[in-house]
Amino acid sequence: MSVVERFLKKIPQYTRNSRHLRSVIQHGSISKWSNLVRAELERKRRCIELKSFPYILIIDPCNYCNLRCPLCPTGVKDLGREQSMMSFESFKKYFDPLSPYLFEAYMHNWGESLLNKDSYKMIEYASNKNVGTNLSSNLATLNSEGIDNLLDCGLEYLVVSLDGTSQEAYGQYRVRGSYERVMHNMSEIIRRRNLRGQKIPVVEWQFIVMKQNEHQVSDAQKIADKMGVDVMRFIPVGMPYDFKNRKELADKWFPEKVKGKVESTHEEQKYGQDSRPSPCFYLYRSMVVNADGGVSPCCEVYREKNDFVNLNSSEINVRQLWNSPVYQSARSLFSSKVLEDHVRSVCDGCDIFLQHPSKNSYKEFPVIVNKK
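Looking now at the overall build of the chain. A tally of helices and strands in the chain yields 13 helices and 11 strands. Buried positions account for 56% of the 372 residues belonging to the chain. Long-range pairs, those at least 24 residues apart, make up 69% of the contacts in the chain between residues at least 6 apart in sequence.

The structure is reproduced here in structure tokens:
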């Protein structure tokens, strides 16, 4: 088994333990650490109503994107949500009630965050509130001023989405992107950061291993080493959970030589995220706020119809929402406790985490999403 294959089979793939640990230490306080311990204990005990609050905020400054990636709902214009830019005032409205508990704010989700020029101000605001920030970007539109803004705003961790070592390979997936421009921008961020004597942002090159670029994995590692990239990360191909033509897409994009687990019926590569025998950690650790104020249960869910609530059209605030009927009902899926007024949501049909055996009957009926 190659080094890359071992990397791709890590469970969970999305975890960056050293980064998270650093945030917990650097941005911690007695009250934050106490909340974290309480959250993890409540998850272990499969509590439904929580005394803890989320310690990670996933917030999307915008859900527009300049690229047209074929395995992204934004890229194929199938997001199921109106595209919008989050204002700085809206960001503060969502961020402030949770800031006393937060170690990290993920400043991205389903769009290219740097298209929103207020993103730099949002990152600076979070940093000044002692909350660590990380951002994922394709860097395809960034100019020289934007590079300086990134270095000035206090961003701690930057993930650069760059899948290939040539325009031919890169451009097949990152449609409308320029390989040379992204490489220049990443190199320039590192050069200017080092020239300033800064340690942040930590720069991670994230390379999705696909059929058209799997032969370039070793070249990418060499380029990263030469450039001075802090972290080189190879990740598997992923598909939005409700894409319909999954077999066709898997045949087109999934690598042939570099393998993950292969799910027997759909012939798709899996990476250990299905039916994990523990309660869903999203429902205990994080809150996901979309650009339009809609709150999704996790970052896998993107359609507006599956929102738990929209904070702009509801009087409920983010702290009240955390123990609302829909959140409690979602957590009850992993508990033997049965709620009399169970609110069905997209979580009822999710199979990423293994639900309690008593909830098997819930899957016999279509999921009716909460529209309150």
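The next point concerns the packing of aromatic side chains. All chains considered together, the criterion is met by 14 aromatic pairs. Their ring planes at 85° and their centres at 5.1 Å tell us that Phe281 and Phe353 sit as a pair that is edge-to-face. Of this pair, Phe281 sits in the loop between β8 (269-270) and α11 (282-285) while Phe353 sits in the segment after α13 (325-332), and the two are 72 residues apart along the sequence. A single burial state applies to Phe281 and to Phe353, both of which are buried. Grouped by ring-pair contacts, the aromatic residues Phe88, Phe91, Phe95 and Tyr125 constitute a single cluster. Stacked on the ring of Tyr106, the Lys or Arg Arg19 has its end atom at 5.5 Å from the ring centre. Across the ring face of Phe53, the terminal group of Arg319 is positioned such that the distance to the ring centre comes to 4.7 Å.

Here we come to unusual backbone geometry. Of note, the bond from Ile200 into Pro201 is cis; its omega dihedral lies within 30 degrees of zero at 0°. Looking at where Pro201 falls in the secondary structure, it is placed in the loop between α8 (179-196) and β5 (202-208). Backbone geometry at Arg46 places phi at a positive 60°, although glycine is not the residue there. In this structure, Asn130 is a non-glycine residue whose phi angle is positive, near 65°. Counting through the fold element by element, Asn130 comes out in the loop between α5 (119-128) and β3 (132-137).

Of all residues in the chain, 87% attain a pLDDT of 70 or more, and the chain-wide mean is 88. Low pLDDT, under 50, characterises residues 261-273; the stretch is placed with 38 contacts to residues that sit more than four places away or in other chains. Across residues 365-372, confidence stays below pLDDT 50; counting only partners more than four residues off in sequence or on other chains, it has 22 contacts.

What follows deals with the side chain of Ser52. Residue placement: Ser52 occurs in the loop between α3 (30-44) and β1 (56-59). Of the polar contacts made by the side chain of Ser52, one reaches the side chain of Glu42; its length is 2.5 Å.

Because side chains alternate across β1, one face comprises the buried residues Ile56 and Ile58, and the other comprises Leu57 and Ile59, equally buried. Here β1 runs beside strand β2 (residues 104-106); their pairing, made up of 3 bridges, is parallel. When the sheet's bridge partners are listed, Ile58 is paired in β2 with Tyr106. The β-α-β motif built from β1, the intervening helix α4 (residues 88-95) and the parallel element β2 has right-handed crossover chirality. Across 4 bridges, β1 lies against strand β9 (residues 286-289) in parallel orientation. Note that in β9 the partner of Leu57 across the bridge is Met287.

Moving on, we get to the packing of α4 against α5. One way to put it is that α4 packs onto α5 with a least axis distance of 10 Å and a crossing angle of 30°. Relative to α5, the element α4 is oriented roughly parallel. Judged by the twist between their axes, the crossing of α4 over α5 is right-handed. Facing Phe88, Phe91, Lys92 and Phe95 of α4, the residues of α5 in contact are Lys121, Met122, Tyr125 and Ala126.

What counts and what doesn't
- Residues numbered from 1 in each chain as written.
- Predicted model: local features only at pLDDT ≥ 70, side-chain atom pairs only at ≥ 80, totals over all residues.
- Heavy atoms only, no water.
- Helix = DSSP H or I, 4+ residues; strand = E, 2+ residues; numbered from the N terminus.
- Buried < 20%, exposed > 50% of the residue type's maximum accessible area, 1.4 Å probe, protein only.
- Contact = heavy atoms within 4.5 Å.
- Phe/Tyr/Trp six-rings, centres within 6.5 Å; stacked < 30°, edge-to-face > 60°.
- Lys NZ or Arg CZ within 6 Å of the ring centre and 35° of its normal.
- pLDDT = per-residue confidence, 0-100.
- Polar contact = N/O pair within 3.5 Å; in protein donor to acceptor, adjacent residues only side chain to side chain.
- Pairing = 2+ DSSP bridges.
- Right-handed = clockwise from strand over helix to strand, strands pointing away.
- Axes fitted to C-alpha atoms, helices over the stretch in contact; angles between N-to-C directions.
- Parallel < 35°, antiparallel > 145°, perpendicular 65-115°, else oblique.
- Left-handed = near helix turned anticlockwise from the far one by under 90°.

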